[in-house]
Amino acid sequence: MPKSLLSQISHPDRADRHGRIGRTPANLTPEAIRQVLDWGADGDLEAQDELFNLMEDTWDRLRTNLNKAKNAVLKLEPTLQPAGSDETSSELAAFAEEHLLDFEPPLHLGYNNFSQTVYDILDSIGRGITVLEIIWQHEGGVFSPLGTLKLPADLYGFRTISSHKRTTDLNHLVLYPEGKRSSPVEFTDHPHKFIISVYKTKSGALGANALLRCLAQEWYKRMIAAEWLLEKAEIFGTPLRWASYEEGTSQEDLLRVESMLQNMGNASWGLFPKSVDLDIQSGLVSGVTGAAEPAEQLIDAANKACDLLLLGQSLTGAEGGEGGSYALGQVQRQVELDLYQTYASFTRRVVEKQLLRPLLALNWPKTPRSHYPRLELDIPRPDIAAAKARVDRILFRELGLPVARDYLYRRHGIPEPGPDDDVSDFYSLYRSGKPSAGPTTREPKISAHSPSPTVHPDRPPTPSPDTPF
(Lines give C-alpha, C1' and ligand atoms only; values in the text may rest on other atoms or scores of the structure.)
Protein backbone atom coordinates (compact mmCIF):
# COMPACT_ATOMS: atom_id res chain seq x y z
CA MET A 1 0.00 0.00 0.00
CA PRO A 2 1.64 3.31 -1.08
CA LYS A 3 2.07 5.75 1.78
CA SER A 4 1.05 8.69 -0.42
CA LEU A 5 -2.44 7.21 -0.77
CA LEU A 6 -3.28 8.08 2.84
CA SER A 7 -1.30 11.32 3.16
CA GLN A 8 -1.82 14.74 1.67
CA ILE A 9 0.50 15.42 -1.26
CA SER A 10 -0.37 19.02 -2.12
CA HIS A 11 0.43 21.81 0.33
CA PRO A 12 -1.46 25.03 -0.39
CA ASP A 13 -0.70 28.03 1.78
CA ARG A 14 -3.37 29.97 3.67
CA ALA A 15 -3.75 32.62 0.97
CA ASP A 16 -4.40 29.93 -1.64
CA ARG A 17 -7.30 28.52 0.34
CA HIS A 18 -9.21 31.79 0.15
CA GLY A 19 -8.65 32.65 -3.53
CA ARG A 20 -5.97 35.22 -4.16
CA ILE A 21 -6.28 38.13 -6.57
CA GLY A 22 -2.78 39.46 -5.89
CA ARG A 23 -1.50 39.35 -9.46
CA THR A 24 -4.60 40.95 -10.96
CA PRO A 25 -3.69 44.52 -12.05
CA ALA A 26 -5.05 47.17 -9.68
CA ASN A 27 -6.14 49.45 -12.55
CA LEU A 28 -7.75 47.04 -14.95
CA THR A 29 -8.04 48.09 -18.58
CA PRO A 30 -9.20 46.15 -21.65
CA GLU A 31 -5.53 45.69 -22.53
CA ALA A 32 -4.74 44.32 -19.05
CA ILE A 33 -7.64 41.84 -19.26
CA ARG A 34 -6.49 40.75 -22.72
CA GLN A 35 -3.02 40.15 -21.32
CA VAL A 36 -4.33 38.04 -18.42
CA LEU A 37 -6.45 35.95 -20.81
CA ASP A 38 -3.41 35.49 -23.07
CA TRP A 39 -1.44 34.28 -20.05
CA GLY A 40 -4.20 31.75 -19.36
CA ALA A 41 -4.24 30.55 -22.97
CA ASP A 42 -0.45 30.14 -22.77
CA GLY A 43 -0.78 27.94 -19.68
CA ASP A 44 -0.61 30.40 -16.77
CA LEU A 45 -3.75 29.16 -15.03
CA GLU A 46 -2.92 30.98 -11.80
CA ALA A 47 -3.19 34.49 -13.29
CA GLN A 48 -6.39 33.63 -15.12
CA ASP A 49 -7.90 32.06 -12.00
CA GLU A 50 -7.21 35.21 -10.00
CA LEU A 51 -9.14 37.22 -12.59
CA PHE A 52 -12.04 34.77 -12.27
CA ASN A 53 -11.93 35.16 -8.47
CA LEU A 54 -12.25 38.92 -8.86
CA MET A 55 -15.13 38.54 -11.30
CA GLU A 56 -17.06 36.26 -8.93
CA ASP A 57 -16.40 38.55 -5.97
CA THR A 58 -17.66 41.69 -7.74
CA TRP A 59 -20.49 40.46 -9.99
CA ASP A 60 -23.57 39.30 -8.12
CA ARG A 61 -25.31 37.98 -11.25
CA LEU A 62 -22.33 35.79 -12.12
CA ARG A 63 -22.11 34.22 -8.68
CA THR A 64 -25.89 33.73 -8.58
CA ASN A 65 -25.97 31.95 -11.95
CA LEU A 66 -23.00 29.74 -11.10
CA ASN A 67 -24.62 28.72 -7.81
CA LYS A 68 -27.96 28.20 -9.55
CA ALA A 69 -26.34 25.73 -11.94
CA LYS A 70 -24.42 23.99 -9.16
CA ASN A 71 -27.41 23.78 -6.82
CA ALA A 72 -29.55 22.27 -9.59
CA VAL A 73 -27.16 19.31 -9.51
CA LEU A 74 -26.54 19.28 -5.76
CA LYS A 75 -30.22 18.90 -4.90
CA LEU A 76 -30.45 15.68 -6.92
CA GLU A 77 -30.39 12.35 -5.11
CA PRO A 78 -27.57 10.24 -6.59
CA THR A 79 -28.22 6.51 -6.69
CA LEU A 80 -26.03 3.52 -7.48
CA GLN A 81 -27.54 0.95 -9.81
CA PRO A 82 -26.07 -2.58 -9.76
CA ALA A 83 -24.52 -3.72 -13.01
CA GLY A 84 -26.64 -6.87 -12.92
CA SER A 85 -28.90 -9.01 -10.75
CA ASP A 86 -26.10 -11.29 -9.50
CA GLU A 87 -24.93 -11.23 -5.90
CA THR A 88 -21.54 -9.64 -6.64
CA SER A 89 -23.07 -6.67 -8.46
CA SER A 90 -25.58 -6.09 -5.65
CA GLU A 91 -22.84 -6.29 -3.03
CA LEU A 92 -20.63 -3.81 -4.90
CA ALA A 93 -23.50 -1.35 -5.22
CA ALA A 94 -24.31 -1.56 -1.50
CA PHE A 95 -20.63 -1.12 -0.58
CA ALA A 96 -20.20 1.90 -2.85
CA GLU A 97 -23.37 3.53 -1.56
CA GLU A 98 -22.16 3.19 2.03
CA HIS A 99 -18.64 4.51 1.47
CA LEU A 100 -19.08 6.98 -1.37
CA LEU A 101 -22.31 8.94 -0.99
CA ASP A 102 -22.16 9.53 2.77
CA PHE A 103 -18.54 10.26 3.70
CA GLU A 104 -18.24 13.15 6.17
CA PRO A 105 -14.74 14.28 7.21
CA PRO A 106 -14.19 15.83 10.64
CA LEU A 107 -14.93 19.54 10.51
CA HIS A 108 -11.57 20.62 11.92
CA LEU A 109 -9.71 19.11 8.94
CA GLY A 110 -11.34 21.41 6.39
CA TYR A 111 -11.88 18.66 3.81
CA ASN A 112 -14.91 18.36 1.52
CA ASN A 113 -17.69 15.86 2.06
CA PHE A 114 -19.42 14.28 -0.95
CA SER A 115 -21.74 17.24 -1.68
CA GLN A 116 -18.93 19.75 -1.35
CA THR A 117 -16.80 17.58 -3.65
CA VAL A 118 -19.53 17.73 -6.29
CA TYR A 119 -19.74 21.51 -5.78
CA ASP A 120 -16.01 21.91 -6.46
CA ILE A 121 -16.17 19.60 -9.47
CA LEU A 122 -18.88 21.86 -10.89
CA ASP A 123 -16.55 24.83 -10.47
CA SER A 124 -14.95 23.68 -13.72
CA ILE A 125 -18.12 24.77 -15.57
CA GLY A 126 -16.89 28.35 -15.40
CA ARG A 127 -13.15 27.91 -14.90
CA GLY A 128 -12.58 25.05 -17.31
CA ILE A 129 -10.27 23.04 -15.03
CA THR A 130 -10.62 22.00 -11.40
CA VAL A 131 -8.30 19.64 -9.54
CA LEU A 132 -9.14 17.95 -6.23
CA GLU A 133 -7.00 15.69 -4.10
CA ILE A 134 -8.63 12.64 -2.51
CA ILE A 135 -7.57 11.94 1.07
CA TRP A 136 -8.10 8.23 1.75
CA GLN A 137 -8.38 6.43 5.05
CA HIS A 138 -7.83 2.74 5.80
CA GLU A 139 -9.91 1.33 8.66
CA GLY A 140 -11.03 -2.22 9.28
CA GLY A 141 -9.36 -3.38 6.10
CA VAL A 142 -11.45 -0.98 3.98
CA PHE A 143 -10.24 1.97 1.90
CA SER A 144 -12.70 4.85 1.91
CA PRO A 145 -12.48 8.57 1.15
CA LEU A 146 -11.93 10.68 4.25
CA GLY A 147 -12.51 13.84 2.22
CA THR A 148 -11.30 15.85 -0.74
CA LEU A 149 -9.37 19.08 -1.04
CA LYS A 150 -9.70 21.54 -3.93
CA LEU A 151 -6.28 22.65 -5.15
CA PRO A 152 -5.56 26.30 -5.95
CA ALA A 153 -4.47 27.02 -9.50
CA ASP A 154 -0.81 27.59 -8.57
CA LEU A 155 -0.44 23.91 -7.61
CA TYR A 156 -1.06 22.56 -11.12
CA GLY A 157 -0.28 23.60 -14.66
CA PHE A 158 1.10 22.35 -17.95
CA ARG A 159 4.18 20.30 -18.65
CA THR A 160 7.18 22.25 -19.91
CA ILE A 161 8.59 20.83 -23.14
CA SER A 162 11.67 23.04 -23.38
CA SER A 163 12.81 25.40 -20.63
CA HIS A 164 15.24 27.04 -23.07
CA LYS A 165 12.51 27.94 -25.58
CA ARG A 166 9.87 28.31 -22.85
CA THR A 167 7.42 26.03 -24.65
CA THR A 168 4.78 23.99 -22.91
CA ASP A 169 2.42 21.16 -23.78
CA LEU A 170 -0.89 22.94 -23.32
CA ASN A 171 -2.84 19.67 -23.10
CA HIS A 172 -0.68 17.87 -20.52
CA LEU A 173 -1.50 18.78 -16.92
CA VAL A 174 1.08 18.23 -14.18
CA LEU A 175 1.11 18.78 -10.43
CA TYR A 176 3.26 21.27 -8.49
CA PRO A 177 2.86 20.00 -4.91
CA GLU A 178 4.70 22.94 -3.33
CA GLY A 179 3.72 25.54 -5.92
CA LYS A 180 7.24 25.55 -7.41
CA ARG A 181 7.38 25.38 -11.20
CA SER A 182 10.81 23.79 -11.06
CA SER A 183 9.54 20.52 -9.57
CA PRO A 184 6.56 19.15 -11.53
CA VAL A 185 5.04 15.76 -10.68
CA GLU A 186 2.99 13.63 -13.04
CA PHE A 187 -0.55 12.89 -11.87
CA THR A 188 -0.05 9.33 -13.09
CA ASP A 189 2.64 8.89 -10.42
CA HIS A 190 -0.14 8.99 -7.81
CA PRO A 191 -3.02 6.80 -9.04
CA HIS A 192 -6.39 7.10 -7.29
CA LYS A 193 -5.29 10.36 -5.62
CA PHE A 194 -6.65 13.17 -7.78
CA ILE A 195 -9.86 14.20 -9.49
CA ILE A 196 -9.12 16.21 -12.63
CA SER A 197 -12.32 17.87 -13.81
CA VAL A 198 -12.09 19.41 -17.30
CA TYR A 199 -15.25 20.99 -18.70
CA LYS A 200 -14.68 21.76 -22.38
CA THR A 201 -16.60 24.58 -24.04
CA LYS A 202 -14.41 24.94 -27.14
CA SER A 203 -11.73 23.07 -29.03
CA GLY A 204 -8.07 23.83 -28.55
CA ALA A 205 -5.74 24.24 -25.60
CA LEU A 206 -7.20 23.56 -22.16
CA GLY A 207 -6.07 26.90 -20.77
CA ALA A 208 -8.26 28.77 -23.26
CA ASN A 209 -11.23 26.55 -22.52
CA ALA A 210 -12.79 28.36 -19.54
CA LEU A 211 -16.34 29.63 -20.02
CA LEU A 212 -15.68 32.73 -17.90
CA ARG A 213 -13.22 34.00 -20.51
CA CYS A 214 -16.24 34.95 -22.64
CA LEU A 215 -17.59 37.09 -19.80
CA ALA A 216 -14.37 38.91 -18.90
CA GLN A 217 -15.02 41.88 -21.22
CA GLU A 218 -18.69 42.01 -20.22
CA TRP A 219 -17.63 42.09 -16.59
CA TYR A 220 -15.21 44.94 -17.33
CA LYS A 221 -17.90 46.99 -19.09
CA ARG A 222 -20.24 46.36 -16.18
CA MET A 223 -17.63 47.57 -13.69
CA ILE A 224 -16.97 50.74 -15.70
CA ALA A 225 -20.72 51.38 -16.02
CA ALA A 226 -21.22 50.90 -12.27
CA GLU A 227 -18.40 53.37 -11.57
CA TRP A 228 -20.01 55.81 -13.99
CA LEU A 229 -23.40 55.49 -12.26
CA LEU A 230 -21.79 56.02 -8.86
CA GLU A 231 -20.10 59.17 -10.05
CA LYS A 232 -23.35 60.50 -11.51
CA ALA A 233 -25.14 59.69 -8.27
CA GLU A 234 -22.59 61.76 -6.40
CA ILE A 235 -23.09 64.65 -8.82
CA PHE A 236 -26.82 64.60 -9.52
CA GLY A 237 -28.03 62.84 -6.39
CA THR A 238 -26.64 65.45 -3.99
CA PRO A 239 -29.15 68.25 -3.14
CA LEU A 240 -28.25 71.55 -4.78
CA ARG A 241 -27.84 74.44 -2.31
CA TRP A 242 -28.76 77.64 -4.12
CA ALA A 243 -28.14 81.04 -2.51
CA SER A 244 -29.24 84.33 -4.11
CA TYR A 245 -27.94 87.64 -2.79
CA GLU A 246 -28.87 91.22 -3.40
CA GLU A 247 -26.58 93.60 -5.17
CA GLY A 248 -24.51 95.47 -2.68
CA THR A 249 -24.02 92.56 -0.28
CA SER A 250 -20.65 92.97 1.36
CA GLN A 251 -17.73 90.80 0.29
CA GLU A 252 -17.38 89.62 3.87
CA ASP A 253 -20.97 88.33 3.89
CA LEU A 254 -20.46 86.60 0.52
CA LEU A 255 -17.38 84.79 1.81
CA ARG A 256 -19.31 83.68 4.91
CA VAL A 257 -22.19 82.37 2.75
CA GLU A 258 -19.79 80.54 0.45
CA SER A 259 -18.05 78.88 3.38
CA MET A 260 -21.38 77.81 4.90
CA LEU A 261 -22.60 76.32 1.62
CA GLN A 262 -19.39 74.34 1.23
CA ASN A 263 -19.40 73.04 4.78
CA MET A 264 -23.08 72.42 5.41
CA GLY A 265 -22.79 68.68 4.72
CA ASN A 266 -25.53 67.00 6.74
CA ALA A 267 -26.14 70.07 8.89
CA SER A 268 -29.77 71.20 8.83
CA TRP A 269 -29.12 74.84 9.67
CA GLY A 270 -27.26 77.87 8.44
CA LEU A 271 -26.79 81.54 9.41
CA PHE A 272 -27.23 83.95 6.49
CA PRO A 273 -27.67 87.72 6.19
CA LYS A 274 -31.11 89.07 5.30
CA SER A 275 -29.80 90.00 1.90
CA VAL A 276 -29.23 86.29 1.05
CA ASP A 277 -32.08 83.96 -0.03
CA LEU A 278 -31.24 80.20 0.40
CA ASP A 279 -32.99 77.48 -1.66
CA ILE A 280 -32.26 73.71 -1.40
CA GLN A 281 -33.30 71.70 -4.46
CA SER A 282 -33.61 67.89 -4.46
CA GLY A 283 -31.06 65.87 -6.43
CA LEU A 284 -31.98 64.06 -9.63
CA VAL A 285 -31.97 60.50 -8.30
CA SER A 286 -32.54 58.80 -11.66
CA GLY A 287 -29.72 60.64 -13.42
CA VAL A 288 -30.20 62.42 -16.70
CA THR A 289 -31.84 59.91 -19.06
CA GLY A 290 -33.45 57.43 -16.62
CA ALA A 291 -34.01 53.93 -17.98
CA ALA A 292 -32.27 54.86 -21.24
CA GLU A 293 -29.08 55.58 -19.31
CA PRO A 294 -26.14 54.10 -21.32
CA ALA A 295 -24.51 52.79 -18.16
CA GLU A 296 -27.66 50.92 -17.15
CA GLN A 297 -27.90 49.43 -20.64
CA LEU A 298 -24.32 48.18 -20.38
CA ILE A 299 -25.05 46.53 -17.03
CA ASP A 300 -28.25 44.96 -18.39
CA ALA A 301 -26.42 43.65 -21.48
CA ALA A 302 -23.71 42.09 -19.29
CA ASN A 303 -26.31 40.39 -17.07
CA LYS A 304 -28.14 38.98 -20.10
CA ALA A 305 -24.87 37.63 -21.52
CA CYS A 306 -24.22 35.96 -18.16
CA ASP A 307 -27.69 34.37 -18.21
CA LEU A 308 -27.34 33.12 -21.78
CA LEU A 309 -23.89 31.66 -21.27
CA LEU A 310 -24.52 29.80 -18.00
CA LEU A 311 -28.26 29.11 -18.05
CA GLY A 312 -29.02 29.12 -21.77
CA GLN A 313 -31.77 31.75 -21.39
CA SER A 314 -32.40 35.33 -20.36
CA LEU A 315 -36.18 35.69 -20.19
CA THR A 316 -36.61 34.71 -16.54
CA GLY A 317 -33.79 37.06 -15.54
CA ALA A 318 -34.99 40.00 -17.63
CA GLU A 319 -35.28 43.26 -15.77
CA GLY A 320 -38.06 45.76 -16.13
CA GLY A 321 -41.35 45.12 -17.85
CA GLU A 322 -40.00 43.26 -20.88
CA GLY A 323 -41.59 39.92 -20.18
CA GLY A 324 -42.36 37.09 -22.56
CA SER A 325 -45.32 34.84 -23.21
CA TYR A 326 -45.97 31.79 -21.08
CA ALA A 327 -45.15 29.52 -24.02
CA LEU A 328 -41.82 31.26 -24.57
CA GLY A 329 -41.07 30.96 -20.87
CA GLN A 330 -41.76 27.23 -21.03
CA VAL A 331 -39.44 26.81 -24.01
CA GLN A 332 -36.65 28.66 -22.27
CA ARG A 333 -37.23 26.65 -19.11
CA GLN A 334 -36.70 23.47 -21.12
CA VAL A 335 -33.45 24.92 -22.49
CA GLU A 336 -32.34 25.66 -18.94
CA LEU A 337 -33.21 22.12 -17.81
CA ASP A 338 -31.27 20.70 -20.76
CA LEU A 339 -28.21 22.60 -19.58
CA TYR A 340 -28.70 21.38 -16.02
CA GLN A 341 -28.85 17.83 -17.34
CA THR A 342 -25.59 18.45 -19.22
CA TYR A 343 -23.98 19.61 -15.97
CA ALA A 344 -25.41 16.60 -14.11
CA SER A 345 -24.20 14.14 -16.75
CA PHE A 346 -20.75 15.72 -16.68
CA THR A 347 -20.63 15.41 -12.89
CA ARG A 348 -21.77 11.79 -13.04
CA ARG A 349 -18.95 10.88 -15.43
CA VAL A 350 -16.29 12.59 -13.33
CA VAL A 351 -17.45 11.04 -10.03
CA GLU A 352 -17.97 7.62 -11.54
CA LYS A 353 -14.57 7.42 -13.26
CA GLN A 354 -12.36 9.25 -10.77
CA LEU A 355 -13.94 8.52 -7.38
CA LEU A 356 -16.26 5.51 -7.63
CA ARG A 357 -13.94 3.32 -9.70
CA PRO A 358 -10.86 4.01 -7.51
CA LEU A 359 -12.93 3.16 -4.41
CA LEU A 360 -13.90 -0.22 -5.86
CA ALA A 361 -10.46 -0.90 -7.39
CA LEU A 362 -8.79 -0.40 -4.00
CA ASN A 363 -11.20 -2.67 -2.14
CA TRP A 364 -12.11 -5.21 -4.85
CA PRO A 365 -8.93 -5.37 -6.94
CA LYS A 366 -9.77 -8.70 -8.62
CA THR A 367 -13.36 -7.87 -9.54
CA PRO A 368 -13.93 -7.06 -13.24
CA ARG A 369 -15.11 -3.55 -13.99
CA SER A 370 -18.17 -5.02 -15.67
CA HIS A 371 -19.56 -5.67 -12.18
CA TYR A 372 -19.12 -2.04 -11.04
CA PRO A 373 -22.39 -0.20 -10.32
CA ARG A 374 -23.56 2.77 -12.35
CA LEU A 375 -24.05 6.19 -10.81
CA GLU A 376 -27.41 7.74 -11.67
CA LEU A 377 -27.74 11.51 -11.51
CA ASP A 378 -30.58 12.86 -13.62
CA ILE A 379 -32.68 16.01 -13.62
CA PRO A 380 -36.36 15.04 -13.14
CA ARG A 381 -38.08 15.57 -16.51
CA PRO A 382 -41.72 14.41 -16.41
CA ASP A 383 -42.22 15.51 -20.02
CA ILE A 384 -39.37 13.32 -21.27
CA ALA A 385 -40.39 10.40 -19.04
CA ALA A 386 -43.94 10.52 -20.42
CA ALA A 387 -42.64 10.70 -24.01
CA LYS A 388 -40.42 7.64 -23.41
CA ALA A 389 -43.35 5.73 -21.93
CA ARG A 390 -45.51 6.49 -25.00
CA VAL A 391 -42.79 5.33 -27.38
CA ASP A 392 -42.19 2.16 -25.37
CA ARG A 393 -45.90 1.42 -25.29
CA ILE A 394 -46.12 1.55 -29.09
CA LEU A 395 -42.93 -0.40 -29.75
CA PHE A 396 -43.10 -3.10 -27.11
CA ARG A 397 -46.80 -3.42 -26.31
CA GLU A 398 -48.65 -2.65 -29.51
CA LEU A 399 -46.05 -3.78 -32.05
CA GLY A 400 -44.72 -6.60 -29.88
CA LEU A 401 -41.05 -5.77 -30.48
CA PRO A 402 -38.85 -7.98 -28.25
CA VAL A 403 -36.82 -6.02 -25.71
CA ALA A 404 -34.45 -6.87 -22.90
CA ARG A 405 -35.90 -6.10 -19.48
CA ASP A 406 -32.55 -4.73 -18.30
CA TYR A 407 -32.71 -2.14 -21.11
CA LEU A 408 -36.10 -0.90 -19.92
CA TYR A 409 -34.92 -0.54 -16.34
CA ARG A 410 -31.88 1.46 -17.45
CA ARG A 411 -33.88 3.55 -19.92
CA HIS A 412 -36.31 4.71 -17.27
CA GLY A 413 -33.83 4.88 -14.38
CA ILE A 414 -35.73 2.30 -12.32
CA PRO A 415 -33.75 -0.05 -10.07
CA GLU A 416 -34.30 -3.69 -10.93
CA PRO A 417 -35.71 -5.59 -7.91
CA GLY A 418 -33.53 -8.24 -6.35
CA PRO A 419 -34.56 -11.80 -5.54
CA ASP A 420 -35.48 -10.92 -1.94
CA ASP A 421 -37.34 -7.66 -2.66
CA ASP A 422 -41.09 -7.26 -2.21
CA VAL A 423 -42.48 -6.30 -5.59
CA SER A 424 -45.80 -5.10 -6.94
CA ASP A 425 -46.59 -6.54 -10.37
CA PHE A 426 -49.04 -3.91 -11.62
CA TYR A 427 -49.13 -5.39 -15.13
CA SER A 428 -50.38 -8.74 -13.83
CA LEU A 429 -52.80 -6.85 -11.61
CA TYR A 430 -54.22 -5.11 -14.65
CA ARG A 431 -54.58 -8.33 -16.65
CA SER A 432 -56.18 -10.44 -13.94
CA GLY A 433 -58.09 -7.83 -12.01
CA LYS A 434 -56.71 -9.37 -8.80
CA PRO A 435 -54.30 -7.90 -6.24
CA SER A 436 -50.64 -8.68 -6.76
CA ALA A 437 -48.50 -10.74 -4.39
CA GLY A 438 -46.52 -7.69 -3.38
CA PRO A 439 -47.06 -5.32 -0.47
CA THR A 440 -50.32 -3.97 -1.94
CA THR A 441 -53.14 -4.64 0.55
CA ARG A 442 -56.18 -2.83 -0.84
CA GLU A 443 -58.06 -4.49 -3.65
CA PRO A 444 -58.47 -2.17 -6.66
CA LYS A 445 -61.95 -1.03 -7.60
CA ILE A 446 -62.74 -2.53 -10.99
CA SER A 447 -66.12 -1.82 -12.47
CA ALA A 448 -68.20 -4.70 -13.74
CA HIS A 449 -68.58 -2.79 -17.00
CA SER A 450 -64.85 -2.30 -17.47
CA PRO A 451 -63.66 -3.92 -20.70
CA SER A 452 -61.44 -6.96 -20.30
CA PRO A 453 -58.19 -6.98 -22.23
CA THR A 454 -58.07 -9.36 -25.16
CA VAL A 455 -55.14 -11.79 -24.91
CA HIS A 456 -53.90 -13.36 -28.13
CA PRO A 457 -51.76 -16.50 -27.75
CA ASP A 458 -49.09 -15.18 -30.18
CA ARG A 459 -48.96 -11.51 -29.28
CA PRO A 460 -49.22 -9.21 -26.24
CA PRO A 461 -52.66 -8.14 -25.04
CA THR A 462 -54.25 -5.17 -26.77
CA PRO A 463 -54.43 -2.35 -24.25
CA SER A 464 -57.40 -0.13 -23.76
CA PRO A 465 -56.97 3.61 -24.50
CA ASP A 466 -56.63 4.36 -20.80
CA THR A 467 -54.08 1.66 -20.07
CA PRO A 468 -50.88 3.13 -18.63
CA PHE A 469 -47.64 1.57 -19.81
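On to the side chain of Glu336, then. Of note, Glu336 is situated in helix α11 (residues 326–363). A polar atom in the side chain of Glu336 sits 3.3 Å from the side chain of Lys68. Apart from the residues within four sequence positions on either side, Glu336 is in contact with Lys68, Leu311 and Gln313.

Our next topic: helix α5 (residues 87–100). End to end, α5 covers 20 Å across 14 residues, agreeing with the expected 20 Å (1.5 Å per residue, within 8%). Among the residues making up α5, those that are buried are Ser89, Leu92, Ala93, Phe95, Ala96, His99 and Leu100. For α5, the arc enclosing every buried residue in end-on projection is 165°, short of the 170-degree limit, so these residues lie on one face. In α5, the exposed residues that point more than 90 degrees away from the buried face are Glu87 and Glu98. With a side-chain oxygen lying 3.3 Å from the backbone nitrogen of Thr88, the N-terminal cap of α5 falls on Asp86.

Under the counting rule described, the total for this entry stands at 19 salt bridges. We note a salt bridge from Glu31 to Arg34, for which the minimum N-O separation is 2.4 Å. In this pair, Glu31 and Arg34 both sit in helix α2 (residues 30–41), three residues apart, roughly one turn of the helix. Taking the shortest distance from any N to any O, the salt bridge between Asp38 and Arg34 comes out at 2.5 Å. On the criterion of helical spacing, the pair formed by Asp38 and Arg34 is a turn pair, its members being four residues apart in helix α2. The partly exposed category is assigned to Arg34, whose relative accessible area is 39%. Linked by salt bridges that have partners in common, Asp49, Glu56, Lys70, Asp123, Arg127 and Lys150 make up one network.

Over the atoms rolls a probe the size of a water molecule, and its path tells where empty space is left. With the rule as written, the count across this model stands at one cavity of 30 Å³ or more. Computed from the structure, the largest cavity encloses a volume of approximately 70 Å³. Of the residues forming the lining of the largest cavity, the biggest block, four residues, is contributed by helix α3 (residues 45–58). Residue composition of the lining of the largest cavity, grouped by class: five nonpolar, one polar and two charged.

Where burial is concerned, most of strand β3 (residues 142–150) is hidden: seven out of the nine residues are buried. As defined by bridge partners, strand β2 (residues 129–139) adjoins β3 across eight bridges and the pair is classed as antiparallel. The residue of β3 that forms the bridge with Trp136 is Pro145. Taken together, β2 and the strand that follows it, β3, pair antiparallel across an intervening segment of two residues, in which Gly140 is found at a positive phi of about 60°.

Our focus in this paragraph is the packing of aromatic side chains. According to the stated counting rule, one finds five aromatic pairs in the structure shown. An angle of 85° between the planes, with centres 6.3 Å apart, marks the rings of Phe103 and Phe114 as edge-to-face. Linking Phe103 in the loop between α5 and α6 (114–121) with Phe114 in helix α6, this pair joins segments that are eleven residues apart in sequence. For the pair shown, Phe103 and Phe114 are each scored as buried.

Looking now at the confidence of the model for the protein chain. When the pLDDT values of the protein chain are averaged, the result is 80; 76% of them are 70 or greater. Per-element mean pLDDT across the protein chain ranges from 44 in strand β10 (residues 454–456) up to 97 in strand β6 (residues 194–198). Confidence over residues 316–321 falls short of pLDDT 50; this stretch has five contacts with residues more than four positions distant or in other chains. Considering only residues more than four positions removed or in separate chains, one finds that residues 435–469, a stretch of pLDDT under 50, has 43 contacts.

This brings us to the nonpolar core. Membership of the largest hydrophobic core comes to 63 residues, with the highest contact counts inside it found for Ile33, Leu51, Met55, Leu62, Trp219, Tyr340 and Tyr343. When residues in this core are grouped by element, the largest group, 13 residues, is from α11.

Before going further, it helps to spend a moment on the packing of helix α4 (residues 60–74) against α6. For the pair α4 and α6, interaxial distance at closest approach is 10 Å and the crossing angle is 140°. As summarised for this structure, α4 and α6 are arranged oblique, according to the angle between their axes. Of the two elements, α4 crosses α6, and the hand of that crossing is right-handed. Taking contact as the criterion, the partners of Asn67, Lys70, Val73 and Leu74 in α4 are, on α6, Ser115, Val118 and Tyr119. Partitioned by chemical class, the residues of the contact of α4 with α6 number four nonpolar, two polar and one charged.

Let's shift gears to unusual backbone geometry. Not every positive phi belongs to a glycine, and His192 is a case in point at roughly 65°. For His192, the location among the structural elements is in the loop between β5 (167–175) and β6.

Mapped onto the elements, Asn113 comes out in the loop between α5 and α6. A distance of 3.2 Å separates the side chain of Asn113 from the backbone nitrogen of Ser115, its partner in a polar contact. With residues up to four places along the chain from it excluded, the contact list for Asn113 reads Phe103, Glu104 and Pro105.

A cluster of acidic side chains, namely Glu97, Glu98, Asp102 and Glu104, defines a negative patch on the protein surface. Its place among the elements puts Glu104 in the loop between α5 and α6. Judged by relative accessible area, Glu104 falls into the exposed class, the value being 57%.

This part covers the sheet that holds β2. What the three strands build is an open sheet, ordered β3-β2-β6; its pairing is antiparallel. A strand with exactly one partner marks an edge of an open sheet, and here the two such strands are β3 and β6. The average undirected angle you get between the axes of adjacent strands in this sheet is 30°. Where α6 meets the sheet, it contacts β2, β3 and β6, and its direction lies at approximately 160° from that of β2.

Thresholds applied
Throughout, residues of each chain are indexed from 1 in the direction in which the sequence is written. Reporting of local features is limited, given that this is a predicted model, to residues whose pLDDT is at least 70; pairs of side-chain atoms are given and counted only at 80 or more, and all residues count toward the totals for whole chains, interfaces and linings. Each side-chain value is worked out from all heavy atoms of the structure, with water and hydrogens disregarded. Helical segments are the DSSP runs of H or I of at least four residues, strand segments are the runs of E of at least two, and each set is numbered from the N terminus. Two N or O atoms count as a polar contact when they lie within 3.5 Å, although within protein this holds only if one can serve as hydrogen donor and the other as acceptor, and sequence-adjacent residues are included solely when both atoms are side-chain atoms. Here, residues are in contact when the closest pair of their heavy atoms is within 4.5 Å. Multiplying one less than the number of residues by 1.5 Å gives the expected span of a helix. Buried residues are those whose accessible area, probed at 1.4 Å on protein chains only, stays under 20% of the maximum for their type, while exposed residues exceed 50% and partly exposed ones sit between those limits. It is the directions from the helix axis to the C-beta atoms that the arc portrays. Salt bridge, as used here: a side-chain nitrogen of Lys or Arg that lies within 4 Å of a carboxyl oxygen of Asp or Glu. The way it works is a 1 Å grid over only the protein atoms, where trapped points that fit a 1.4 Å probe form a cavity and open points with protein on both sides within 12 Å along at least five of seven lines form a pocket, and then any residue with an atom within 4 Å of a point lines it. Grid points are joined across faces, edges and corners, and a volume is the space filled by probe spheres set on the points. In the scheme used here, Gly and all other residues not listed as nonpolar or charged are polar, with Ala, Val, Leu, Ile, Met, Phe, Trp, Tyr, Cys and Pro taken as nonpolar and Asp, Glu, Lys and Arg as charged. DSSP bridges decide pairing: two strands pair if at least two such bridges lie between them. In summary, the pairing rule links any two rings of Phe, Tyr or Trp, Trp by its six-membered ring, whose centres are within 6.5 Å, and it sorts them by plane angle into stacked for under 30 degrees, edge-to-face for over 60 and tilted for everything else. As a per-residue measure, pLDDT tells how confident the predictor is, with possible values from 0 to 100. Nonpolar cores are built from buried Ala, Val, Leu, Ile, Met, Phe, Trp, Tyr and Cys residues. Side-chain atoms within 4.5 Å join them into one set. Only the stretch in contact is used when a helix axis is fitted, and all axes are lines through C-alpha atoms; the angle between N-to-C directions ranges over 0 to 180 degrees. Here roughly perpendicular refers to angles of 65 to 115 degrees, roughly parallel to angles under 35, roughly antiparallel to angles over 145, and oblique to all remaining angles. Helix crossings get a hand from a simple test, with the near helix turned counterclockwise from the far one by less than a right angle marking a left-handed crossing and a clockwise turn marking a right-handed one. Patch members must show over 30% relative accessible area and no salt bridge, and they are joined within 9 Å when carrying like charges or within 5 Å when they are nonpolar side chains of Val, Leu, Ile, Met, Phe, Trp or Tyr. Surface accessibility follows the Shrake-Rupley procedure with a 1.4 Å probe radius. Residue values consider only the protein chains on display as shielding. Counting rule applied: Lys, Arg positive; Asp, Glu negative; His and chain ends not counted. For this purpose, a charge sits on NZ of Lys, CZ of Arg, CG of Asp or CD of Glu.

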